[in-house]
Each structure stands twice: as structure tokens, then as C-alpha cells.
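The chain contents come next:
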Amino acid sequence: MFRAAVVRLQHSLPTLPYPVEGGIPPVISAKQLDLHYNKHHNAYIVKLNGFVEADSSLKGKSLEEIIAMSAADPAKKVVFNNAAQHYNHSFYWNCLKPHGSAMPEKLEAALIASFGSVDEFKSQFAASAVANFGSGWTWLVQTADKKLQIVNTSNAAVPTTDGLTPLLTADVWEHAYYVDFLNRRDSYLESFWQIVNWEFVASGMQ
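Since the model is a prediction, treat every value here as computed from it, not as a measurement. (Residues numbered from 1 in each chain as written. Predicted model: local features only at pLDDT ≥ 70, side-chain atom pairs only at ≥ 80, totals over all residues. Heavy atoms only, no water.)

A short note on the packing of helix H4 (residues 105-115) against helix H5 (residues 118-130)
Between two packed helices, both the angle of their axes relative to each other and the distance between the axes serve to describe the pair. Look at H4 against H5: their axes get within 8 Å of each other, and the N-to-C directions meet at 70 degrees. Overall, the two elements H4 and H5 adopt an arrangement that is roughly perpendicular. Handedness of the H4/H5 crossing: left-handed. For the pair H4 and H5, contact is made by Glu 108, Leu 111, Ile 112 and Phe 115 and by Val 118, Glu 120, Phe 121 and Gln 124, respectively. When the residues that make up the contact of H4 with H5 are grouped by side-chain class, the tally is five nonpolar, one polar and two charged. (Axes fitted to C-alpha atoms, helices over the stretch in contact; angles between N-to-C directions. Helix = DSSP H or I, 4+ residues; strand = E, 2+ residues; numbered from the N terminus. Parallel < 35°, antiparallel > 145°, perpendicular 65-115°, else oblique. Left-handed = near helix turned anticlockwise from the far one by under 90°. Contact = heavy atoms within 4.5 Å. Nonpolar A, V, L, I, M, F, W, Y, C, P; charged D, E, K, R; others polar.)

Some words on the nonpolar core
Counting residues in each nonpolar core, the largest one holds 62 residues, and the members touching the most others are Leu 33, Phe 121, Phe 125, Leu 140, Leu 168 and Phe 192. Considering each element in turn, this core owes the most residues, nine residues, to helix H3 (residues 77-95). Once residues lying within four places of it in the same chain are set aside, the contact partners of Phe 121 are Leu 111, Phe 115, Leu 140, Ile 150, Leu 168, Trp 193 and Trp 198. (Core = buried A, V, L, I, M, F, W, Y, C linked by side-chain atoms within 4.5 Å. Buried < 20%, exposed > 50% of the residue type's maximum accessible area, 1.4 Å probe, protein only.)

Regarding the sheet that holds strand E1 (residues 136-142)
Two strands in a sheet stick together by hydrogen bonds in their backbones, pointing the same way (parallel) or opposite ways (antiparallel). Pairing in this open sheet of three strands is antiparallel, and the strands run E2-E1-E3 from one edge to the other. One side of each edge strand has no neighbouring strand; the edge strands of this open sheet are strand E2 (148-154) and strand E3 (165-171). Strand-to-strand twist in this sheet, taken as the mean axis angle between neighbours without regard to direction, amounts to 25 degrees. Note: E1 against E3, six bridges, orientation antiparallel. For Trp 139, the partnering residue across the bridge sits in E3 and is Thr 169. (Pairing = 2+ DSSP bridges.)

Keep in mind that these numbers describe shape and distance, not what the molecule does.
Have a look at this one:
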């Protein structure tokens with residue numbers, strides 16, 4: 001859904017593919033999801049809309065265009081941070097599904113080819129996410145030559161600005177899991193696999 005959409009003014013919270021009041025069982029509670037989606041994610045959008053209203057060069061631009069423009073302009077760093085966090089969160093919600101989904105065969109084959117096994121991919125991804133210092137995101141991406149890689153980004157950074165195609169992300173900002181897991185990022189990541197929407201992940205492969 002998010003990959004194909006062009007987000008224009010007013011930028012707004014995306015409709016989740018599951019009800020907020022149900023959380024994302026069995027991992028993310030309704031309270032955690034409500035705070036993350038309605039408070040944290042929405043705050044980035046409110047700030048982004050304020051910047052767009054004040055800057056005519058941003059008006060009428062898609063979210064992806066704003067990210068590209070602001071990433072290349074140090075004077076627009078604060079615009080980038082809020083636009084990229086809107087993108088990152090919108091992508092993250094689509095990576096998740098209550099009780100997860102089955103993994104399509106083409107994705108399984110690609111993970112085995114790149115990492116040796118699906119379990120080894122999960123182990124490397126979780127280790128990378130635990131080691132991602134401070135706040136940020138851990139991603140499974142596809143490179144221009146169709147290889148799969150695990151990359152970390154800090155704060156609001158997005159892999160698209162490096163020419164990488166995002167397939168899966170885990171939010172490792174503490175606000176993503178503190179209600180349910182306190183400061184136990186490792187426990188959050190151990191549980192993360194129970195709610196991954198592998199069909200969405202596979203849909204991004206080129």
C-alpha cells in the first residue's frame with residue numbers, strides 16, 4: 001500500500017491495516033500501538049505539515065520528493081527528519097500484521113541465497129538491531145544488483161537516499177517498544193518475528 005502511494009498535502013496518518021484498539025498481537029499491545037501511532041508518528045506529521053506550509057518549495061511535493069530534496073540540503077535537516085520519520089513509520093506499520101503471515105517462496109529462496117538460511121537471516125538482523133546505537137532503524141534492503149542486505153540507519157535516516165530498496169524494517173527507537181518491553185530491545189526483537197508481514201516484505205522485491 002505505502003510503496004505505491006504518493007503522499008501529498010496535507011500529509012496525514014496512514015490508515016493502518018489493523019485496528020489500533022487491537023494492538024498487533026501477540027507482541028504489541030493496544031496501549032503501545034496507540035502511543036506510537038497516534039502520538040509519536042502523528043507528531044512528525046504535524047511538524048512536517050507546518051514546515052511545508054511555511055516553505056513554498058515543498059508545497060505540492062510527494063513525501064518521497066520532500067525526503068530527496070531535504071536530504072540534499074543541510075538547511076532543511078529538520079524537514080528531512082520529520083518527513084523521513086513519517087515515511088519510516090508508515091513503512092514499519094505495513095511490515096507488521098497480527099500473528100504475522102506465511103513467507104512467500106521467492107522471499108525464502110532469496111534469504112537462503114543471501115544468508116544461508118532464514119534462521120541465520122533472523123539472527124543477523126536481530127544482532128544488527130540490538131547493536132544499532134541510540135535511536136534508529138534496522139532494515140532488510142535490496143541493492144541495485146538485486147542482492148539482499150541488512151543495514152542500520154540512525155535517527156530518521158532512510159535507505160532510499162542511498163539507492164537501496166527497503167523491504168523490511170524494525171523500529172529500534174525506544175518509543176517503539178517501551179510500554180511492552182521497557183528498555184529490553186533484545187526481547188522486543190526476539191518477539192518481532194511473530195508479527196512480520198512477509199507478504200508485504202516480498203512484495204517489494206524487484
